[in-house]
Each structure stands twice: as C-alpha cells, then as structure tokens.
Amino acid sequence: MEKQDKIYVAGHGGMVGSALVRKLKKEGYENIIVRTHKELDLSCQEAVEQFFAEEKPDYVFLAAAKVGGIHANEAAPADFLRINVQIEMNVMWAAYKNHVKKLCFIGSGSIYPVNCPQPMKEEYLLSGPFERKNEGYGIAKMVGTKMCEYLNRQYGTDFIAAAICNIYGPGDNYSPESSHVVPALVRKFHEGKIQNKEKVTLYGTGTAVRSFLYADDVADACYFLMEHYSGDACINVGHEKGISIGELGKIIKEITGFEGEIAYDSHYPDGSPEIRLDTSRLSSMGWKPVYGLRDGLKRTYEDYLDKETATRL
Ligand SMILES: NC(=O)c1ccc[n+]([C@@H]2O[C@H](COP(=O)([O-])OP(=O)(O)OC[C@H]3O[C@@H](n4cnc5c(N)ncnc54)[C@H](OP(=O)(O)O)[C@@H]3O)[C@@H](O)[C@H]2O)c1
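Every chain's residues receive numbers from 1 upward, in the order its sequence appears when written. Since the coordinates come from a predicted model, pLDDT governs what is reported: local features require at least 70, and pairs of side-chain atoms require 80 or more to be given and counted, while whole-chain, interface and lining totals use all residues.

## Quick look at the overall build of the protein
- Secondary structure summary: the protein contains 10 helices and 13 strands in total.
- Here the C-alpha coordinates of the protein stretch approximately 60 × 50 × 40 Å along the principal axes.
- Residues are treated as contacting if the C-beta atoms built from their backbones sit within 7 Å of each other. Taking the intrachain contacts of the protein between residues at least 6 apart in sequence as the baseline, contacts between residues at least 24 apart amount to 82%. Comment: elements are numbered from the N terminus, with helices defined as DSSP H or I runs of at least four residues and strands as E runs of at least two.

## A word on the sheet that holds strand E8 (residues 209–210)
- Here, any two strands with at least 2 DSSP bridges between them count as paired. On the basis of which strands lie adjacent, the open sheet formed by 3 strands has the order E11-E8-E13 and mixed pairing. The open sheet is flanked by strand E11 (243–244) and strand E13 (274–275), the only strands paired with a single partner.
- Of the strand pairs in this sheet, E8 and E11 are connected by 2 bridges, and their pairing is antiparallel. In the strand pairing of E11, valine 209 is matched with serine 244.

## Points about the pairing of strand E12 (residues 261–265)
- Whether a residue is buried, exposed or partly exposed is read from the other C-beta atoms within 10 Å of its own C-beta, which are placed from the backbone; 20 or more gives buried, 12 or fewer gives exposed, and intermediate counts give partly exposed. With 0 of 5 residues buried, E12 is to be regarded as a mostly surface element.
- The pairing of strand E7 (residues 199–203) with E12 spans 5 bridges and is classified as parallel. By the bridge assignment, threonine 201 is partnered in E12 with alanine 263.

## Section: the site of the ligand
- Using a C-beta atom placed from the backbone, a residue is described as near a molecule or strand when that atom lies within 6 Å of it. The immediate surroundings of the ligand are formed by 24 residues, with Gly11, Gly14, His37, Leu42 and Ala65 found nearest.
- Among the elements of the structure, helix H1 (15–26), helix H4 (77–97), strand E4 (102–108) and strand E6 (166–168) are those that each provide at least two residues to the shell around the ligand.
- Of the residues that constitute the shell around the ligand, the class distribution is 12 nonpolar, 10 polar and 2 charged. Only Asp, Glu, Lys and Arg are considered charged in this grouping, and only Ala, Val, Leu, Ile, Met, Phe, Trp, Tyr, Cys and Pro are considered nonpolar; every other residue, Gly among them, is considered polar.

## Observations regarding the pairing of strand E1 (residues 7–10)
- With burial as the criterion, each face of E1 is covered, one bearing Ile7 and Val9 and the other bearing Tyr8 and Ala10.
- Sheet topology places E1 next to strand E2 (residues 32–33); 2 bridges connect them, and they run parallel. In the strand pairing of E2, isoleucine 7 is matched with isoleucine 32.
- When the strands point away from the viewer and the path from the first strand over the helix to the second turns clockwise, the crossover is right-handed. As a crossover connection, the stretch from E1 through H1 into E2 is right-handed.
- Sheet topology places E1 next to strand E3 (residues 59–62); 4 bridges connect them, and they run parallel. Bridge pairing links isoleucine 7 to tyrosine 59 in E3.

## Quick notes on the nonpolar core
- Throughout this description, the term nonpolar core refers to a group of buried Ala, Val, Leu, Ile, Met, Phe, Trp, Tyr and Cys residues whose C-beta atoms join them within 7 Å. Of all hydrophobic cores here, the largest spans 86 residues; its most connected members are Leu62, Cys104, Ala162, Val218 and Cys222.
- It is helix H7 (residues 215–228) that contributes the most residues to this core, 8 residues altogether.
- Domain boundaries shown here were taken from an automatic or database domain assignment. Looking at this core, you find at least three residues from each of domain 1 (7–168 + 212–239 + 276–290) and domain 2 (181–207 + 243–274 + 299–312).

## Description of unusual backbone geometry
- For the bond from glutamine 118 to proline 119, the omega torsion is -10 degrees, close enough to zero to count as cis.
- Position of proline 119 relative to the elements: it lies in the loop between E4 and helix H5 (135–155).
- Positive phi is not limited to glycine here, since leucine 126 has a value of about 60 degrees.
- At asparagine 196, a position not held by glycine, the phi torsion is positive, near 50 degrees.
- One can find asparagine 196 in the loop between helix H6 (181–194) and E7.

## Examining the domain arrangement of the protein
- When its domains are assigned, the protein resolves into domain 1 (7–168 + 212–239 + 276–290) and domain 2 (181–207 + 243–274 + 299–312).
- Taking only C-alpha atoms, the centre of domain 1 and the centre of domain 2 are 28 Å apart.
- Counting residues at the interface gives 8 residues for domain 1 and 7 residues for domain 2.

## Focus on the sheet that holds E2
- Spatial ordering of the open sheet is given by E2-E1-E3-E4-E5-E10, a layout of 6 strands whose pairing is parallel. Either end of the sheet is taken by a strand with one partner, and the two such strands are E2 and strand E10 (235–237).
- Alignment of strand E5 (residues 159–164) against E10, held across 3 bridges, turns out to be parallel. When the sheet's bridge partners are listed, alanine 163 is paired in E10 with asparagine 236.
- Where H1 meets the sheet, its contacts fall on E1, E2, E3 and E4, and the angle it forms with E1 comes to roughly 155 degrees. Angles run from 0 to 180 degrees between N-to-C directions of axes, and those axes are lines fitted to C-alpha atoms, restricted for helices to the stretch in contact.

## Thoughts on helix H2 (residues 45–55)
- Listed as buried for H2 are Val48, Phe51 and Phe52. Angularly, the buried residues of H2 cover 95 degrees about the axis, an arc narrow enough to put them on a single face. The exposed residues of H2 that point more than 90 degrees off its buried face are Glu46, Ala53 and Glu54.
- With its phi angle positive at about 45 degrees, lysine 56 sits one or two positions after the end of H2. It is the directions from the helix axis to the C-beta atoms whose arc is reported.

So this is what it looks like as structure tokens:
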C-alpha cells in the first residue's frame, strides 16, 4: 500500500475497525475513508454498490460484522447468518467490480469445527461440524473466508482472510447481554468492587482454556498480512499461549481491585475444554504480538472506566 492510497475501513467504529484506523494513521496513511453504520448499511446491496462506485477505494479492510457473545449468538442464529453473509457478499462483490487492489477480511476462529484437535491448524477447516451455539455466525464467517478464495480463483482478485482468536481491548462491547468473556469479566469484577460484593461468580468451572489477542495487535497483524501475504488460504491470527478462564478471572480481579472471592457456577457449560489457534504460519512470516495479556487487560479496564465515567456525566 502506498501512503496516498485510498483505504476503506469497514466497521471503523468497532473495536477492531478503530484499532485498524489507529494503526493506519500511525503508519502515515491519510486517505482513509469510513462510513458509520447509519451512513451506510453494508447489508444493503444497492447502497454498497453506490458507495464503491463513487469512492473507488484502492484497499479494503472488512471489519464490519454483527458480533456478539455466545448467548446473543444462540438466541439469534438467523440474524447472525443473514446479516453477516449480506455484509460479506455486498462488500466483496462491490470490491471486485470496482477493481479494489486488495481486501483483507477479518474472519474468526469460530469457523473451526467443534472438537477440533488443538491448537487448530488452518488445514483442519471444514473437517467437522460447527459449534452449535454459534453456528449461524461461524457459517457466515466461513462463507466470507471462502468467498475470498473463490473470487481469487475465478476472477483473479487479491483478497485475503484472517481467522482470528478472541479479541479484547479498547472499544469492546461491555453490555451484559451481548459481551464476550473479557469485557463481561471486566464489568463483573468492577461492579463487584463498587458494590462491595463478597464474591463474583464466573460461569462454568473456570478450567476451559482460550487464547486472547489485544485489538491493536489484531490490527497490526491484519496490516502485516495486507503488506506481506497474498494467497487463497486463510491465515490464523492469535496468541500462541492459552489461559484458563479461572486464571483470566484472577488477573482481571487483581486489575480491577476487587477484594472478594471468585466462585464458579458449574451449572453453566464450559464449552470446549480448549480452543486455541495454531499461529505458526503467521509467525513463520515474521509477525508476533506486542501486547502481553496483563498489559492489554489493564488498558481495557482503563477504557471501561473512561466509558463508565462518560455515561455517568
Ligand atoms: N470480538 C471478537 O472477539 C472477535 C473475534 C474474532 C473475530 N472478530 C471479527 O472482527 C471483526 C470486528 O469485530 P469487533 O469485535 O470489532 O466488532 P464490533 O466492535 O461490534 O464492530 C463491528 C462494527 O461493524 C459495524 N456494523 C455492523 N453491522 C453493520 C452494517 N450492517 N453496516 C455497517 N456497519 C455495520 C458496527 O457498527 P454499529 O455498532 O453501529 O452496528 C461496528 O462498528 C468482525 O468481523 C468479527 O467477526 C471479532
């Protein structure tokens, strides 16, 4: 990418999209174009076609999606499938028709089969059924991943897809209804501290292992792939180290300053005992994350406090 190239970041208001804009600005790109969801509904084909025909971006980062935690996914599989497939098809097709030089699709680790051997290697994709609870979202993200490959194969585009592990960081969604595990725990422990609770209860046994990547590292990795990778195979982006939910809880408890106990409610399912991406392909290209988990979690808590203060003012 040249510094004067026109770069469209779809979903710039979200956690990953805003990190991508920060990264691009830091690298000296000034011709970044963005639209809010209100200005441009990416699920509307006509509006997307008009936008691309008018703006003619050179490069696209597709970070817009309907995203939510496990409960939101389980409750609305049709919406997660429909809206995400619409966004992907509209943006990718318009990008191809308008000669976008390269597109990076921000995909997800949810495309891997349930009970996949760990850590999950790119070649395990489509080797088994999807996790049922977020099947609609997982299938939609697989469709986007495959569409990059098919457009490259059929029309010679240069579209790449990244399968990303759990992401956390500034701009995360802290809502009790639809948040992922890190923002949910940040909120729980903070509220536990403010309300002087004796204990905070985590769902499940706390033994399940997951891996987490800070949003600015995700943006850095996607930028790296845009600059250094072309190919049909999707690339895993994650942290090679996993951590149990119990250990994660202990770190967040310490960071928030909650002084009570951590309890576990094992009536809630743990999900798969371990979900971790094998990141050896990406690391062999020369990329590695910058932020350690504790540092990233401290920054996330600061972001939570800023947002909380802003809503109270
Ligand atoms: N969060 C994770 O743990 C995680 C893990 C792996 C992969 N990913 C992927 O990373 C990408 C970004 O996720 P995120 O966590 O940054 O999500 P996010 O914070 O919810 O951001 C998504 C952005 O997309 C926008 N958007 C949604 N529907 C839209 C539509 N129809 N038209 C235009 N804009 C729309 C949202 O705008 P509004 O808020 O105004 O609707 C928001 O700005 C997604 O593709 C997601 O699948 C996320």
